Amino acid sequence: MKLSEPASDRENKMKDLLIIGAGGMGRDVTWLVKRINDKCKTWNLLGFIDDNEAIQGKELVGCKVVGKISDIEKFPDAYVVCSIANAKVRKKIVERIKTDFPNQKFATLIDPTVEMSDYVEIGEGAIICAHTMITMNIKIGNHPIICSGSTIGHDTTLGDYVTFYPNATVSGFTKVGSCVELGTGMQAIQEKTIGENAIIGAGAVVVTDIPANCTAVGVPAKPIKFSAV
């Protein structure tokens, strides 16, 4: 397995961590952090970062909202991870952070139950949840969210900011473009391409290539609408 963080940052020591986004996925990530720490003490979770004024200073699932994105500079040694499930929104937030804080470090969080071969490349900022299966010769881009129970078949390539909702499955030699969202329980057969910014509905079955910038649903999955880039 190849991670984007240098080896010196993967030493067995606690590192400060901020979770960007205090919504449902963010709260799930607090559990992911606990599961990682139960296996090996790795992350000192400082709290949530969220621009919602109404929740500043509040504690959610035992984790406090410690500021807005502009407050990241108050935590110069902390890693961040963006837990916003919406792929396009996540991209905008990460790009804002990189612009405002060009030296910011991004965490990669992988649940201890994830099964993964040694032939997987993972970019920075990844969130990979429990009981996910990632097989051989797979390239995963930056800042993906892969929810619990998902499966990624051999020789698959995922672009940046991809979201797998729970139990999404893609078979071997699949190409998934950047900012794609794969709905809960969807399936894609082998050797298919899903274009960037596409949304695949829950339970859909992809048996043909899916064009970019569309929403596709059904069995078999077919585009029902297209969106502007």
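Let me sum up the structure you'll find in this document. (Residues numbered from 1 in each chain as written. Predicted model: local features only at pLDDT ≥ 70, side-chain atom pairs only at ≥ 80, totals over all residues. Heavy atoms only, no water.)

Notes on the sheet that holds strand E4 (residues 59-60)
Moving on, step 1. A sheet is described by the order of its strands in space; here 6 strands give the open sequence E4-E5-E3-E2-E6-E7, paired in mixed fashion. What marks the edges here is a single partner per strand, and that holds for E4 and strand E7 (105-106).
Moving on, step 2. When strand E3 (residues 43-49) meets strand E5 (residues 63-67), the two strands line up parallel, connected through 2 bridges. Bridge pairing in E5 links Ile49 to Gly67.
Moving on, step 3. In the packing of helix H1 (residues 24-39) onto the sheet, contacts are made with strand E2 (15-20), E3, E5 and strand E6 (79-82), and the angle to E3 comes to roughly 175 degrees. (Pairing = 2+ DSSP bridges. Helix = DSSP H or I, 4+ residues; strand = E, 2+ residues; numbered from the N terminus. Contact = heavy atoms within 4.5 Å. Axes fitted to C-alpha atoms, helices over the stretch in contact; angles between N-to-C directions.)

Quick look at the pairing of E3
Moving on, step 1. Where E2 meets E3, 6 bridges bridge the pair, whose relative direction is parallel. Looking at the pairing, Leu17 lines up with Leu45 of E3.
Moving on, step 2. Running through H1, the crossover from E2 to the neighbouring parallel element E3 is right-handed. (Right-handed = clockwise from strand over helix to strand, strands pointing away.)

Some remarks on the side chain of Thr156
Moving on, step 1. Relative to the assigned elements, Thr156 resides in the loop between strand E15 (151-152) and strand E16 (157-158).
Moving on, step 2. Of note is the side chain of Thr156, whose polar atom sits 3.3 Å from the backbone nitrogen of Thr174.
Moving on, step 3. Excluding its chain neighbours within four sequence positions, the residues that come into contact with Thr156 are Asn137, Ile138, Lys139, Val170, Ser171, Gly172, Phe173 and Thr174. (Polar contact = N/O pair within 3.5 Å; in protein donor to acceptor, adjacent residues only side chain to side chain.)

Geometric descriptors of this kind do not, in isolation, establish any biological role.
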